[in-house]
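# Structural overview for review
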Amino acid sequence: MVTPLTSRGHFLPQQQRQIDLKSDVSTALVTDLSPNTDYSFTVYAIYPNLIGDSVTITTQTTLLPQVSNFRVIEEGLFSLRLGWTPPLGKLSGFKIFIPRSNRPGFTYEQLLPGDTSSHVIDSLEEDKKYTVNIYAVFPEGPSKPVSIVGKTLKLIPVHQFLVQNATTDTVQARWASVKGASGYRLTWASPDDHIENINLGDNFNFYMIQGLRPGSEHTVTINPIFGDIEGPVTSAKVKTLESSAVQTLKVAAVTTSSAIISWNSVPGGTGYRLAWGPTPEFTGRDRPRQLALNGSTTEYHLKNVAYDTEYVLTLYVLFGSLVGPGITATFRTSPLGYVSNFKVTSYTSTSIDVEWSPIVGATEYKLSWNDSSPQSRYLDRSVLFHRLEDLNPQSTYTINICAVYGNSEGPDISLSQLTAAVSDSEPIQAVRGVKVGDIGVNFFTLSWNKAPRASGYKISWIPFLGGDERSHVVSAASTTFTIRNLRESAAYKIQVSSMVANREGSPVLVTARTLDLPKVNDFAALNTTDSSTVLNWTRVAGVSGYLLSWRHISETLGPGFSSYKISDLLYGRTYIFTIRPLYGEVEGPISAVYQKICKTSLQIFRILKILSK
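If you check an unreviewed UniProt entry, the chain appears there as Fibronectin type-III domain-containing protein from Scophthalmus maximus.

### What to know about the environment of Ser 567
Considering the arrangement of structural elements, one finds Ser 567 in the loop between strand 47 (563-566) and strand 48 (574-583). Between the C-alpha atoms of Ser 567 and Ser 531, which are 36 residues apart in sequence, the distance is 6.1 Å. Aside from chain neighbours lying at most four places away, what touches Ser 567 is Ser 531 and Ser 532.

### Re the UniProt feature "domain: Fibronectin type-III" (unreviewed entry) in the chain
If you check UniProt for "domain: Fibronectin type-III" (unreviewed entry), the listed places come out as residues 1-65, 66-158, 245-337, 338-423 and 430-518 in our numbering. In the segment residues 245-337, helix accounts for 0% and strand for 52%; the C-alpha atoms at its two ends are 37 Å apart. Within residues 430-518, the helical portion is 0% and the strand portion 51%, while the C-alpha atoms at the span's ends are 38 Å from each other.

### A closer look at the packing of aromatic side chains
Throughout the structure, instances matching the rule amount to 18 aromatic pairs. Centre to centre, the rings of Tyr 575 and Phe 577 are 5.9 Å apart; their planes meet at 20°, and the pair counts as stacked. As far as burial versus exposure is concerned, Tyr 575 and Phe 577 are alike and both buried. Taken together, the ring pairs connect Phe 70, Trp 84 and Phe 94 into an aromatic cluster. Lys 95 extends its terminal NZ or CZ atom over the ring of Tyr 135, reaching a point 5.9 Å from the ring centre. The aromatic ring of Tyr 307 is capped on one face by Arg 285, whose charged end is 5.6 Å from the ring centroid.

### Describing the confidence of the model for the chain
On average, residues of the chain carry a pLDDT of 87, and 95% of them reach 70 or more. For the stretch residues 601-613, pLDDT sits under 50, and the model shows twelve contacts to residues farther than four places along the chain or on other chains.

### Section: the pairing of strand 48
For strand 48, the buried fraction is high: eight of the ten residues fall into the buried class. Across six bridges, the pairing between strand 45 (residues 545-550) and strand 48 is antiparallel. Bridging from a neighbouring strand, Leu 547 pairs with Arg 580 of strand 48. Across six bridges, the pairing between strand 48 and strand 50 (residues 591-596) is antiparallel. Its bridge partner lying in strand 50, Ile 576 is registered against Tyr 594. The pairing of strand 48 with strand 49 (residues 586-587) spans two bridges and is classified as antiparallel. Looking at strand 49, one finds that Tyr 583 is bridged to Val 586. As consecutive antiparallel partners, strand 48 and strand 49 are separated by two residues, and within that stretch Gly 584 has a phi angle of approximately 70°, a positive value.

### Digging into the pattern of salt bridges
This structure, assessed with the given rule, holds 13 salt bridges. Glu 409 is the partner of Lys 366 in a salt bridge, and the nearest nitrogen-oxygen pair spans 3.7 Å. Taken together, the residues Lys 366 in strand 29 (residues 364-370) and Glu 409 in strand 33 (residues 408-409) connect sequence positions 43 residues apart. Classification of Lys 366 by relative accessible area gives partly exposed; the value is 21%. Classification of Glu 409 as partly exposed rests on a relative accessible area of 39%. In this structure, the salt-bridge partner of Arg 580 is Glu 587, at a minimum N-O distance of 3.7 Å. The class of Arg 580 is buried, set by a relative accessible area of 13%. Salt bridges linked by common partners bring Glu 281, Arg 580 and Glu 587 together as one network.

### Here's the deal with the sheet that holds strand 5 (residues 80-85)
Strands sit in the order 4-5-8 across an open sheet of three strands; the sheet is antiparallel. Bordering the open sheet on either side are strand 4 (68-75) and strand 8 (118-121), each of which pairs with just one other strand. Taken pair by pair, the neighbouring strands of this sheet meet at an average axis angle of 20°, ignoring direction. Alignment of strand 4 against strand 5, held across five bridges, turns out to be antiparallel. Each residue of the ladder has a partner; that of Glu 74, found in strand 5, is Arg 81.

### Here's the deal with the pairing of strand 5
Counting the residues that bridge the hairpin from strand 4 to strand 5 gives four residues. Two elements, strand 5 and strand 8, share four bridges in a ladder whose sense is antiparallel. Looking at the pairing, Gly 83 lines up with Ser 118 of strand 8.

The rules behind the values
Residues numbered from 1 in each chain as written. Predicted model: local features only at pLDDT ≥ 70, side-chain atom pairs only at ≥ 80, totals over all residues. Heavy atoms only, no water. Helix = DSSP H or I, 4+ residues; strand = E, 2+ residues; numbered from the N terminus. Contact = heavy atoms within 4.5 Å. UniProt positions renumbered as here; feature names shortened; annotations may be inferred. Phe/Tyr/Trp six-rings, centres within 6.5 Å; stacked < 30°, edge-to-face > 60°. Buried < 20%, exposed > 50% of the residue type's maximum accessible area, 1.4 Å probe, protein only. Lys NZ or Arg CZ within 6 Å of the ring centre and 35° of its normal. pLDDT = per-residue confidence, 0-100. Pairing = 2+ DSSP bridges. Salt bridge = Lys/Arg side-chain N within 4 Å of Asp/Glu carboxyl O. Axes fitted to C-alpha atoms, helices over the stretch in contact; angles between N-to-C directions.

Below you can see the structure in the form of structure tokens.
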């Protein structure tokens, strides 16, 4: 017999039921009981025509399983999306109590199918807390409720709204995402009240505004969008740059393998890109290279460049991912340094003493001479004197020295010295204080101190890279001499020696280089269109004309030109324009400018403005 009990333990005989079992059964499953209810189970032994003894037990059924993991999946301004995990067992459905925003304190009941695991409650109020209950409904009845508290979103503005990285015609807008927003409306207005806007999706938190007017203040606003409702507006003001280019690019402290590059800071720039490579005349001496620098950098020490090579530099200013206009300059590295003040300080019939001045950057010196066979010796950079010994009397020796720079050897400097005869007892003193006092495009002026017993002085000179040697003898009263008719931008070896009657003392060797011809300055490309550009420069005094070149084309212009328009250029291509001053048949040094053929930002702005009218 199966009998339910009341909460106080009393039998409910009207709900009592009987189950008949066979004699060989010792267990039974009793179903269709009420959950969370006390039951009395009594088993009777049945005999033919007789009911035997009985035994009774009392037990309680368990609760119906509840919904688990009941949670708010998504909050909206006027809705809550709920989710849950259904319990095990045969479900009839779910019962959910939903708050009603138009009747505070009241709820209404919503029945959902048994295969449901989420539900959206809408028509709620903004920025309000709601308590939501859910029941799992079984054929036996509902489970105990599970409750959660959810809160609808508040209609809030965009926070952390930044408008930055302004260029002449662009700015970058950034903002923090607003929870629950379905999108954003970004609006910008120019000083003349020209207004533009764009609707962006909820995954946007960055936008580049383009086509702005240079040097103007713009108002930029943003508001979040929640479906059909627009949130509060957040605004910021920003001023575009008057100019987005580096104005000054300087090259200083040029050596054989390095230079210091400096430039003015560009407001709003996030970084710089520096590119360098050999000019067309020096192609193959080095490869083009480039690097990125941060926005606070205004100086860079350029290293490991090739010696005696002309380079073109281009510096671009960066505005985030945008590359602004570039500025160009050229420089030429120094040739490997040659040893200066190389001279014989004394000699005998079997030895010659030589000395020289230190060279910046040299790692050691190589000294070589010819005896019965070529001889050479490497000396530490701190050594500035050496004695050649075991030489033959009254023999002429040519002695060479060069500075060594790591694995590279600089140019040789050489001098010749006749060793004394065995009978010679007093050598002629070498000239002292020899120096180059004045240097021009085609002349040097030498000076020296008078030597004892000298009857005159012999000055000889020869181009450093080879050529005819020339000489001149001056009187004993002379202490200066000007060598004229030299080549421009050329290095020379110059020797000064004392003369005593017909005997010549040991020469003192100095080196010097004539000045370069003046180059064209302020060479720039202006007013560039999609097929042409205008080249401008500052006139050079004393020239006979200019040689202008681009790609495989050259144009010779008269001395009165200071600008020249080039047409029929290819759109989108970058050209290298070069110019040289002409001095009769002699060409001066080169100046170069790189220019990409395309419309300027100002031209694009004007076209967009016309189209928008």
